[in-house]
Amino acid sequence: MTALSPEARRRVLDTLRAQSIELPSWAFGNSGTRFKVFAQQGVPRDPWEKIADAATVHRFTGVSPTVSLHIPWDNVENFAKLADHAVELGVKAGAINANVFQDDDFKLGSVTNPDPAIRRKAVAHLLECIDVMDATGSRDLKLWFSDGTNYPGQDSIRARQDRLAEALATTYARLGEDQRILLEYKLFEPAFYTMDVPDWGTSFAHCLQLGEKAQVVVDTGHHAPGTNIEFIVAFLLRAGKLGGFDFNSRFYADDDLMVGSADPFQLFRILHEVVAGGGLDEATGVAFMLDQCHNIEEKIPAQIRSVMNVQEATAKALILDAEALAVAQAAGDVLGANAVVMDAYNTDVRPLLAELREEQGLDPDPIAAYARSGYRERIIAERVGGQQAGWGA
Ligand code: PSV
Ligand code: MN
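Within every chain, residues take consecutive numbers counted from 1 along the sequence as written. Working convention: letters from A go to chains and numbers from 1 go to ligands, in the order in which they are written. Selection of residues for local features in this predicted model requires a pLDDT of at least 70, selection of side-chain atom pairs for listing and counting requires 80 or more, and totals for whole chains, interfaces and linings are taken over all residues. In computing side-chain values, all of the structure's heavy atoms are included and hydrogens and water are not.

Caption draft 1: Expanded view of empty space enclosed by the protein. The method works on a 1 Å grid over the protein atoms by themselves. A cavity is a set of points holding a 1.4 Å probe that cannot get out, a pocket is an open set with protein on both sides within 12 Å along at least five of seven lines, and residues with an atom within 4 Å of a point line them. Grid points are joined across faces, edges and corners, and a volume is the space filled by probe spheres set on the points. Following the criterion strictly, the structure yields 1 cavity of 30 Å³ or more and no others. For the largest cavity, the calculated volume is near 40 Å³. Around the largest cavity, the lining residues are Lys186, Leu187, Phe188, Gly221, His222, His223, Ala253 and Asp254. A breakdown of the residues in the lining of the largest cavity according to their chemical character gives 3 nonpolar, 3 polar and 2 charged. Classes in brief: Ala, Val, Leu, Ile, Met, Phe, Trp, Tyr, Cys and Pro nonpolar; Asp, Glu, Lys and Arg charged; the others, Gly included, polar.

Structure (structure tokens):
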């Protein structure tokens, strides 16, 4: 069992309090599969209401002060006003996610499309997203491309890489001094034969070529089954190229379930590498973002639960006896080293997190506190009429 000295306990609590877990605006809208979207009551009808829900999650967790926006899903006339609205509610606009995957023109790709006019249209959207960042004060432009091919011979794999590099370079050149590109990768879907950014290596190579302001983002749901994600995390962090996470859980593919629900041990192993590589230091710039949908469960408590799951994995990684692990590793003590890791994982950190919340003036049980708050009943009563927000609308 991992026992903490009072000083170590203090350090762990301070680090946990400083951690920030970003919420995705789209998690609050209706979502589903290609079979059915089940509408829920009280769902936001616009970005303003999505931000209000995100602010509610932050009010109960204390560690989720930013909300990612997705453009055009979160388009408003005045983004500076939207950012002010967030601040008024106690949160801030976070990463801006570009969307070049839902326009008919992008059937054969966006930035890698064989048609130069369509490529220009895609790049124009990416540049427009940087305008949004200027207005909201956001640091990160998160890029995920659905581009790829379904059939051998459909297009030139090499030419598509050239087109991708060109689009990224144009976008990179437009970044402000403190802005970054976070380039996401995904093994498959919607393209099934080749994706143009299928893996961390491809993203890493493009980011290296672009320069310091381009980093890789690891969406935990975007790998082949059995992929050792913590290895990728360790490698990228060591190379100074880990820009952040899109956290979620998967059983089969890009399931977008609550982070830490399918495989909490994997989440712990990832956080262990983050902690070991210094990735919780603000200076490293690692962004901890959620990228999830809540198809059948209630959205706000599901986001609260997800934040708590990341916090629990982080706490377990922080209480791990790093000194004992180093000693065991140096001595070649395989069983001893593994025992140190398992001891940390098997420690119940919930009392520690309850203590943290109480110190912050929060309820130790955020889910129960939310249920008691009356917020759910209020949004169900108030949000009638209008068009509920949904993934893709
Ligand atoms: C793609 O699967 C992805 O992970 C990208 O981050 C998108 O922006 C997001 O999902 C949309 O939900
Ligand atoms: Mn993602």
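Past the structure itself, the notes keep going.
Caption draft 2: Spotlight on the packing of aromatic side chains. Aromatic pairing here means that ring centres of Phe, Tyr or Trp (its six-membered ring) are within 6.5 Å. Orientation follows from the plane angle: under 30 degrees is stacked, over 60 is edge-to-face, and everything else is tilted. This model, assessed by the stated rule, comprises 17 aromatic pairs. Here phenylalanine 204 and phenylalanine 235 contribute two aromatic rings whose centre-to-centre distance is 5.7 Å and whose plane-to-plane angle is 80°, an arrangement assigned as edge-to-face. Highlighted residues: phenylalanine 204 in helix H6 (residues 200–210) and phenylalanine 235 in helix H7 (residues 229–238), separated in sequence by 31 residues. Ring centres of phenylalanine 231 and phenylalanine 235 lie 6.3 Å apart, and the angle between their planes is 35°; on these two criteria the pair is classed as tilted. Placement of both phenylalanine 231 and phenylalanine 235 in helix H7 is noted, with a separation of 4 residues, approximately one turn of the helix. Note on classification: 1.4 Å probe, protein chains only; a residue is buried when its accessible area is under 20% of the maximum for its type, exposed when over 50%, partly exposed between these limits. When its relative accessible area of 34% is taken as the criterion, phenylalanine 235 is described as partly exposed. Joined through ring pairs, the aromatic side chains of Trp26, Trp73, Phe101 and Trp144 make up one cluster. Sitting above the plane of the tyrosine 172 ring, lysine 213 keeps its charged end 5.8 Å from the centroid. The helix and strand labels rest on DSSP assignments: H or I over at least four residues marks a helix, E over at least two residues marks a strand, and numbering proceeds from the N terminus. For a lysine, the NZ atom is tested; for an arginine, the CZ atom; a charge sits over a ring if that atom is within 6 Å of the ring centre and within 35 degrees of the ring normal.

Caption draft 3: Highlighting the layout of surface pockets. In this structure, the largest pocket encloses a volume near 1,300 Å³. Contributing to the lining of the largest pocket are 46 residues, with Trp144, Lys186, Glu189, Asp254 and Trp391 lying nearest its centre. Here the lining of the largest pocket is composed, by residue class, of 17 nonpolar, 14 polar and 15 charged. Its boundaries defined by the atoms lining it, the second largest pocket holds a volume of some 720 Å³. If you trace the second largest pocket, you find 25 residues lining it, with Ser20, Thr66, Arg139, Glu282 and Val286 closest to the centre. When residues in the lining of the second largest pocket are grouped by element, the largest group, 4 residues, is from strand E3 (residues 92–98). Tallied by class, residues from the lining of the second largest pocket come to 9 nonpolar, 10 polar and 6 charged.

Caption draft 4: View of the site of ligand 1. Residues are labelled near a given molecule or strand when at least one of their non-hydrogen atoms is within 4 Å of it. Residues in close proximity to ligand 1 include Trp26, His70, Trp144, Glu184, Lys186, Asp219, His222, Asp246, Asp254, Asp291 and Trp391, which together make up its full environment. What qualifies as a polar contact is a pair of N or O atoms within 3.5 Å, subject to a donor-acceptor requirement within protein and to the restriction that residues adjacent in sequence count only when both atoms come from side chains. For ligand 1, an oxygen atom lies 3.0 Å from a polar atom in the side chain of aspartate 219. In this structure, an oxygen atom belonging to ligand 1 sits 2.8 Å away from a side-chain N or O atom of aspartate 291. Shrake-Rupley sampling with a 1.4 Å probe provides the accessible areas, and residues are treated as covered by the protein chains on show and by no other component. Notes on ligand 1: free accessible area 310 Å², of which the protein chains cover 96%. In this description, a molecule resides in a pocket or cavity if more than half of its atoms sit within 2 Å of the grid points defining it. In this structure, ligand 1 is accommodated by the largest pocket. The class makeup of the residues in the shell around ligand 1 is 3 nonpolar, 2 polar and 6 charged.

Any functional reading would require information beyond the geometric quantities listed.
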